[in-house]
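Survey of secondary and tertiary structure
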Amino acid sequence: MPRSLDPLEDESLRGYLLRLAHLYGAAPSEIAICTGLVSSASPRNTVRIPMRFLHDLDEQRLNAFARATHLTSDETRRLLTAPLGRRYGPLNTRLLAETRTPAGILQNNSWILTRTTRYCPRCLSGDGSAIQERHGGSWRRSWRLPPVFACLRHQRLLLHSCPRCGQDINATRTGSLIARGSESGLHPAQCRATLPGTRTVCGTWLAGDGVDRTPQAPATVAALLRLQYHFDGLLAPNGPKSVGSFGWMIPAAQYFIDLRALSGLIFMTWPQARELAGTEALAVLVDREAERRHAEFAKSRAPAGKQRRASHHYSDPSADPVSGGAVLGIAARPLSASDEIEAHEAMAPIIDGAKGRDLSVGYQFRSLSGISHPLLVVLNTSRKDKGAYQGMGQRIEGQGLMRIDGLLGRHEREG
Ligand SMILES: [Zn+2]
Ligand SMILES: [Zn+2]
């Protein structure tokens, strides 16, 4: 390619392809062919850019793409979500301890938003520089992570669907990284969904201030921005290696696996954790979301005697940034308890509620792969068994973990 673009901060491969296509007045699928992502053998109107390219590229494709776009391999790798796994456990094959290859991590993994992406309309407007004025701002990789529901740069909540057609802004039947990929002439900041019952692309402008139709109450926004500040600190490439969970130090990336498990348990046993919500408005948001999930779970009931595998009704994150943020705020509360006993007291209604609602699904959540030892011990200890209850700390310590106060003591001793 004679000309190319510098990647923007946190830009995703999808966003970068959209901007390149706009630069050349070409269809994104043509750019995907020129850059070696997909083969040109198929007729152009059937080109599909596989969704898995969002996360990772094989070495050969990565090198071809880097050559064609005049980027370094590192710059190309930073367009993918795979590097986010270092800070975000649900994308970390080592922490998940599953037999997943990096390429297979998107399969059955709802804790990266693939079908859709959230967005900040002000980020999409660009930062005022000439290049962003022309092709729009960064479609950020982090908007694909469920714990990212607000934009701290613009002090606002993210959006997740098109303000006009109400669909995912990349709604596609083909599971392609870019919907309507064979179409040229759309700006990167336009909705690419197809209007229902037609063949027309929606094309609504997603950038700027007028996009938001239903602003949230200031107290809700403030509570969610505080939580986002906490999460962004842990997700930052130079963030802390470890974080306190029930007073024990665990890898920061694993904290997000714990949040994922707790979020599923909270939905499953709702309204048990209702009093942990930061504000009544946040609790009402989860009320609505949980009601929908309970109804879907009930509908999916397997015939008596058959084991049910419907836990995804509770474990899937909310696409909606607001209710998604609300439930993660509740999940973060018990994790901030000062020790495992206090955490267990706070979570007893959730633990008992899960057993009461559905023994097998409850068990799936309590033994989810990759959760931290403190959470594993807390979720699987009964208060009725006094000895085991008092011995929780010893069992966590037995896994080689350290208490925060122990760590502080050591720092003091070492001066
Ligand atoms: Zn923004
Ligand atoms: Zn639309």
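Residues numbered from 1 in each chain as written. Chains lettered and ligands numbered in written order. Predicted model: local features only at pLDDT ≥ 70, side-chain atom pairs only at ≥ 80, totals over all residues. Heavy atoms only, no water.

**Points about the domain arrangement of the chain**
Short version of the rule: These domain boundaries are the output of an automatic or database domain assignment. A contact between two residues is defined here by any heavy atoms of the two lying within 4.5 Å. Using a 1.4 Å probe, buried area is obtained as the accessible area two parts lose upon being combined, added over both of them. The salt bridge definition used is simple: a Lys or Arg side-chain nitrogen within 4 Å of an Asp or Glu carboxyl oxygen. We call two N or O atoms a polar contact when they sit within 3.5 Å, provided that within protein one can donate a hydrogen and the other can accept it, with sequence-adjacent residues counted only if both atoms are side-chain atoms. For the purposes of this entry, the term helix denotes a DSSP run of H or I that reaches at least four residues, the term strand denotes a run of E that reaches at least two, and both are numbered from the N terminus. When residues are sorted by character, Ala, Val, Leu, Ile, Met, Phe, Trp, Tyr, Cys and Pro go into the nonpolar class, Asp, Glu, Lys and Arg into the charged class, and all the rest, Gly among them, into the polar class.
Partitioning the chain into structural domains gives domain 1 (13-211) and domain 2 (218-413). Computed from C-alpha coordinates alone, the two centres of domain 1 and domain 2 are separated by 30 Å. If you look at the interface, domain 1 gives 28 residues, while domain 2 gives 34 residues. For the pair domain 1 and domain 2, the summed buried area comes to about 2600 Å², and 69% of that belongs to carbon and sulfur atoms. Three residues, Arg87, Trp111 and Phe149, lead the burial of domain 1 against domain 2; their summed loss comes to 33% of the area buried on that side. For the pair domain 1 and domain 2, the number of links is zero salt bridges. Applying the counting criterion to the domain 1 and domain 2 interface returns 13 residue pairs in polar contact (both at pLDDT 80 or more). At the level of secondary structure, the elements contributing two or more residues to the side of domain 1 that touches domain 2 comprise helix H5 (93-96), strand S1 (150-151) and strand S2 (156-157). For the side of domain 1 that touches domain 2, the per-class residue count stands at 17 nonpolar, six polar and five charged.

**Description of the pairing of strand S3 (residues 242-245)**
Basically, it comes down to this: Only protein chains enter the calculation, and the probe is 1.4 Å; a residue is then buried if its accessible area is under 20% of its type maximum, exposed if over 50%, and partly exposed in between. Here a strand pair is declared whenever DSSP counts at least two bridges between the two strands.
Residue alternation in S3 divides its side chains into a buried set, Val243 and Ser245, and an unburied set, Ser242 and Gly244. In terms of strand pairing, S3 meets strand S4 (residues 248-251) through four bridges, oriented antiparallel. Looking at S4, one finds that Ser245 is bridged to Trp248. Between S3 and S4, which pair antiparallel and follow one another directly, the connecting turn spans two residues, one of which, Phe246, has a positive phi of 55 degrees.

**Focus on the environment of Leu145**
With respect to the secondary-structure elements, Leu145 resides in the loop between helix H7 (130-135) and S1. Judged by relative accessible area, which is 3%, Leu145 ranks as buried. In this structure, the C-alpha to C-alpha distance between Leu145 and Ile112, residues 33 residues apart in sequence, is 5.2 Å. Apart from the residues within four sequence positions on either side, Leu145 is in contact with Leu84, Tyr88, Leu91, Arg118 and Leu235.

**Here we look at the nonpolar core**
Nonpolar side chains in soluble globular proteins tend to be buried together. Rules: Residues belong to one nonpolar core when they are buried, are Ala, Val, Leu, Ile, Met, Phe, Trp, Tyr or Cys, and are joined through side-chain atoms within 4.5 Å.
The biggest cluster of nonpolar side chains holds 121 residues, and the ones touching the most others in it are Leu13, Leu17, Tyr119, Trp143, Tyr255, Leu259 and Met347. Taken together, domain 1 (13-211) and domain 2 (218-413) each give at least three residues to this core, which thus spans both. Beyond its immediate stretch of four places on either side in the chain, Tyr119 contacts Leu124, Trp139, Trp143, Leu158, Leu159, His160, Ser161, Cys162, Pro163, Ile169, Leu206 and Val211.

**Details of the environment of Glu183**
Of note, Glu183 is situated in the loop between S2 and helix H8 (218-235). Taking C-alpha positions, Glu183 is 8.1 Å from Ser29, a pair spaced 154 residues apart along the chain. Ignoring anything within four residues of it in the chain, the contact list for Glu183 reads Ala27, Pro28, Arg192 and Val201. A distance of 2.9 Å separates the side chain of Glu183 from the side chain of Arg180, its partner in a polar contact.

**Here we look at the coordination of the zinc ion (ligand 2)**
A four-donor tetrahedral metal ideally has 109.5 degree angles, and a six-donor octahedral metal ideally has angles of 90 or 180 degrees. Put simply, the rule reads: For Na, K and Ca the donor cutoff is 3.2 Å, while for all other metals N, O and S atoms must lie within 2.8 Å; water is not among the atoms, so some sites may look incomplete. By the criteria applied here, four donors are tetrahedral when all angles lie between 85 and 135 degrees, four are square planar and six octahedral when opposite donors are over 155 degrees apart and every other angle lies between 65 and 115, and any other arrangement is irregular.
The protein atoms that coordinate the zinc ion (ligand 2) are Cys162 (SG), Cys165 (SG), Cys191 (SG) and Cys202 (SG), at distances spanning 2.3 to 2.4 Å. Of note is the zinc ion (ligand 2), whose four donor atoms meet at the metal with angles of 103 to 114 degrees in an arrangement that counts as tetrahedral. The motif formed by the donor residues of the zinc ion (ligand 2), counted along the single chain, is C-x2-C-x25-C-x10-C. With Cys162 in the loop between S2 and H8 and Cys202 in the loop between S2 and H8, the pair connects residues that are 40 residues apart, well separated along the chain. For the pair formed by Cys162 and Cys202, the shared burial category is buried.

**Section: the coordination of the zinc ion (ligand 1)**
Every protein donor of the zinc ion (ligand 1) is listed here as Cys120 (SG), Cys123 (SG), Cys151 (SG) and His154 (ND1), and their distances to the metal cover 2.1 to 2.4 Å. Coordination at the zinc ion (ligand 1) is tetrahedral, judged from the four donor atoms that bind it and the angles of 104 to 118 degrees they form at the metal.

**Points about H8**
Heads up, the condition is: In this analysis, the expected span of each helix is defined as 1.5 Å times one less than the number of residues it contains.
The first and last C-alpha atoms of H8 sit 25 Å apart over 18 residues, in line with the 26 Å expected at 1.5 Å per residue. Of all the residues in H8, the buried ones are Thr220, Val221, Ala223, Leu224, Leu225, Leu227, Gln228, Phe231, Leu234 and Leu235. For H8, the elements touching its buried residues are S1, S2, S3, helix H9 (252-269), helix H10 (280-299) and helix H12 (321-335).

**Focus: the side chain of Thr81**
When you line up the elements, Thr81 lands in the loop between helix H4 (73-77) and H5. Discounting residues that sit within four places of it in the chain, Thr81 has contacts with Leu54, His55, Leu91, Ile112 and Arg141.

**Concerning the packing of H8 against H9**
Definition in use: Comment: axis = line fitted to C-alpha atoms, over the contacting stretch for helices; angle = value between 0 and 180 degrees taken between N-to-C directions. By the definition adopted for this analysis, an angle is roughly parallel if under 35 degrees, roughly antiparallel if over 145, roughly perpendicular if from 65 to 115, and oblique otherwise.
Direction vectors running N to C along H8 and H9 enclose 135 degrees, while the axes themselves pass 9 Å from each other. Relative to H9, H8 is oriented oblique. Note on element contacts: H9 touches H8 through Ala252, Tyr255, Phe256 and Leu259, opposite His230, Phe231, Leu234 and Leu235. Among the residues forming the contact of H8 with H9, the class breakdown is seven nonpolar, one polar and no charged.

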